[in-house]
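# Breakdown of the fold
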2 protein chains.
Amino acid sequence: MSKQPIEFYFDFSSPFAYIGSELIEAAAERQGVDIKWRPFLIGAAFKAVGSKPLLHAPLKGDYSKRDMERTARKHGIPFILPDVMSLKTVPASRAVYWAEVNAPDKLPALVHAVFRHAFAEDKDYSDPETVADLAAGVGIDPDAVLAGMQDQAIKDRLRDEVERGLERGVFGTPMFFHGDEPFWGVDHLPDLERWIETGGW
Amino acid sequence: MSKQPIEFYFDFSSPFAYIGSELIEAAAERQGVDIKWRPFLIGAAFKAVGSKPLLHAPLKGDYSKRDMERTARKHGIPFILPDVMSLKTVPASRAVYWAEVNAPDKLPALVHAVFRHAFAEDKDYSDPETVADLAAGVGIDPDAVLAGMQDQAIKDRLRDEVERGLERGVFGTPMFFHGDEPFWGVDHLPDLERWIETGGW
């Protein structure tokens, strides 16, 4: 794995980021690269860009819902659209940055457990206790991760990563970087792979 | 050609619609379907959706410019980004609906001539006389098309097609329909083809 990793920016309430999370590992494996998982807070980007949640946009919202369902079906990924506006993503995002240091081999499973809780089972992960339960389900000590979510260093880490993402131009998720090259959206995964494979064009 | 045609909605000032116009005929040929060319006025959609031109959005604008150039390079399509805000698309759009009735075999060449004038040559097609010159270049009688652009029936046709597009949910271009199934963006062309090939999923 000498090639640069894929940095994967995702907001836990983004339906397309969920779909991306189900596809990224196979893509990284095909290209022989690692993944840096980067939980992101899309609200910060909406504020910076002056945009609104996709599903609330007239015309575009209806299309997007259809496209999410169609894309999930295409890849055989279970998909339920939860009320994304009610989901609080900060606790789960902090838990992932905590796991990066304290349980790195379980991090991908934690990401999947959180995403699938909402988008495959239509359940809410907003509560830190729920996140800790989901962490326990993938072999992480729930008390340790619960304390981690309250750790000031972890809180700072999430804030810093969101700021860094905004500085790099993350305006929506999923966004994938290979080096400095950004690819936005699940539809760009084939381009990301081709870019890694060919060194760019 | 018994299968339903592709309806291709495009705004003449949309960079991605230009790229789509360079790719759609090969896609239609592979799938054995016709194309219905549907010039559209994106300003009407911006008004309906409350959105802004892509290139003017913070963060997203920079990414989009990079993505346009990258997408054009990928397909080997010449691409210059003109000042799209200065382009007036009504005369050229009317000319295409006129050609649909009066010079149908020359319509695709007219679309290409208009798009390439701006996006390959960085020239302005806003003036009806310029559109007539471009039409002459593809074998259309310039005086006839110039009169056609002033024909009330043609003016009504464009207005009606824009309204119909909005009713069908066209919020951006390029948008492709196969039957009632919409596909937005150049990145969705592979999905559009797969949909036609398989009958949908």
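Rules used throughout
- Residues numbered from 1 in each chain as written.
- Chains lettered and ligands numbered in written order.
- Predicted model: local features only at pLDDT ≥ 70, side-chain atom pairs only at ≥ 80, totals over all residues.
- Heavy atoms only, no water.
- Least-squares fit on C-alpha atoms with pLDDT ≥ 70 in both.
- Contact = heavy atoms within 4.5 Å.
- Pairing = 2+ DSSP bridges.
- Helix = DSSP H or I, 4+ residues; strand = E, 2+ residues; numbered from the N terminus.
- Axes fitted to C-alpha atoms, helices over the stretch in contact; angles between N-to-C directions.
- Expected span 1.5 Å × (residues − 1).
- Buried < 20%, exposed > 50% of the residue type's maximum accessible area, 1.4 Å probe, protein only.
- UniProt positions renumbered as here; feature names shortened; annotations may be inferred.
- Phe/Tyr/Trp six-rings, centres within 6.5 Å; stacked < 30°, edge-to-face > 60°.
- Right-handed = clockwise from strand over helix to strand, strands pointing away.

## Some words on the relation of the copies chain B and chain A
Of the transformation placing chain B onto chain A, the axial shift is 0.0 Å and the rotation is 180°, giving an RMSD of 0.0 Å. In short, the pair behaves as if placed about a two-fold rotation axis. Looking at the rotation axis and the C-alpha trace of chain B, the residue lying nearest is B:Asp187, at 3.1 Å. When the interface residues of chain B are mapped onto chain A, 100% of them again fall at the interface, so both copies present the same face.

## Topic: the sheet that holds strand β2 (residues 35–39) of chain A
All names here are of chain A. Spatial ordering of the open sheet is given by β2-β1-β3-β4, a layout of four strands whose pairing is mixed. Among the strands making up the open sheet, the edge pair consists of β2 and β4 (181–184). If you compare each strand with its neighbour and ignore which way they point, the axes differ by 20° on average. Strand direction decides the pairing type here: strand β1 (residues 6–10) and β2, joined by five bridges, are parallel. Residue pairing in the sheet places Phe8 in a bridge with Trp37 of β2. Of the strands in this sheet, β1, β3 (175–178) and β4 are in contact with helix α9 (residues 189–198), which crosses β3 at around 5°.

## Digging into helix α3 (residues 60–75) of chain B
Over its 16 residues, α3(B) extends 22 Å from the first C-alpha to the last, a length consistent with the 22 Å expected when each residue adds 1.5 Å. Among the residues of α3(B), those classed as buried are B:Lys60, B:Gly61, B:Tyr63, B:Ser64, B:Asp67, B:Met68, B:Arg70, B:Thr71 and B:Ala72. Where α3(B) is buried, its residues meet α3 (60–75), β3, β4 and α9 of chain A together with α1 (15–31) of chain B. Just downstream of α3(B) lies B:Gly76, where phi reads positive at about 70°.

## Examining the UniProt feature "active site" (unreviewed entry) in chain A
Residue and element names in this part refer to chain A. Those places that UniProt annotates as "active site" (unreviewed entry) correspond, in this numbering, to Ser14. Secondary-structure assignment places Ser14 in the loop between β1 and α1 (15–31). The class for Ser14 is buried, based on a relative accessible area of 12%. Non-local contacts of Ser14, meaning those with residues more than four positions away in its chain, are made with Phe115, Phe119, Thr173 and Pro174.

## Things to note about the packing of aromatic side chains
Summed over all chains, the structure comprises 40 aromatic pairs over all chains. Aromatic side chains B:Phe8 and B:Phe10 sit 4.8 Å apart centroid to centroid with 35° between the ring planes, which places their arrangement in the tilted category. By relative accessible area, which is 0% here, B:Phe8 ends up buried. Of the residues examined, B:Phe10 reaches a relative accessible area of 0% and is grouped as buried. These aromatic residues form a ring-pair network of at least three members: A:Phe8, A:Phe10, A:Phe12, A:Tyr18, A:Trp37, A:Phe79, A:Phe115, A:Phe119, A:Tyr125 and A:Phe176.

## Overview of the pairing of β2(A)
Most of β2(A) is tucked away: four of the five residues are buried. In this region the chain leaves β1(A), passes through α1(A) and returns to the parallel neighbour β2(A); the handedness of that crossover is right-handed.

## Section: unusual backbone geometry
All names here are of chain A. Residues Thr173 and Pro174 are joined by a peptide bond in cis, for which omega reads 5°. Relative to the assigned elements, Pro174 resides in the loop between α8 (152–168) and β3. Even without being a glycine, Leu59 presents a positive backbone phi close to 60°. Its place among the elements puts Leu59 in the loop between α2 (42–49) and α3. Relative accessible area serves as the criterion here: at 25%, Leu59 is assigned to the partly exposed category.

## A closer look at the sheet that holds strand β3 (residues 175–178) of chain B
All names here are of chain B. In spatial order, the strands read β2-β1-β3-β4; together these four strands make up an open sheet with mixed pairing. Every other strand in the sheet has two partners, leaving β2 (35–39) and β4 (181–184) as the edge strands with one partner each. For this sheet the average axis-to-axis angle between neighbouring strands, irrespective of direction, equals 20°. The sheet contact formed by strand β1 (residues 6–10) and β3 spans four bridges and is antiparallel. Looking across to β3, one finds that Ile6 is bridged to His178. Where helix α9 (residues 189–198) meets the sheet, it contacts β1, β3 and β4, and its direction lies at approximately 5° from that of β3.

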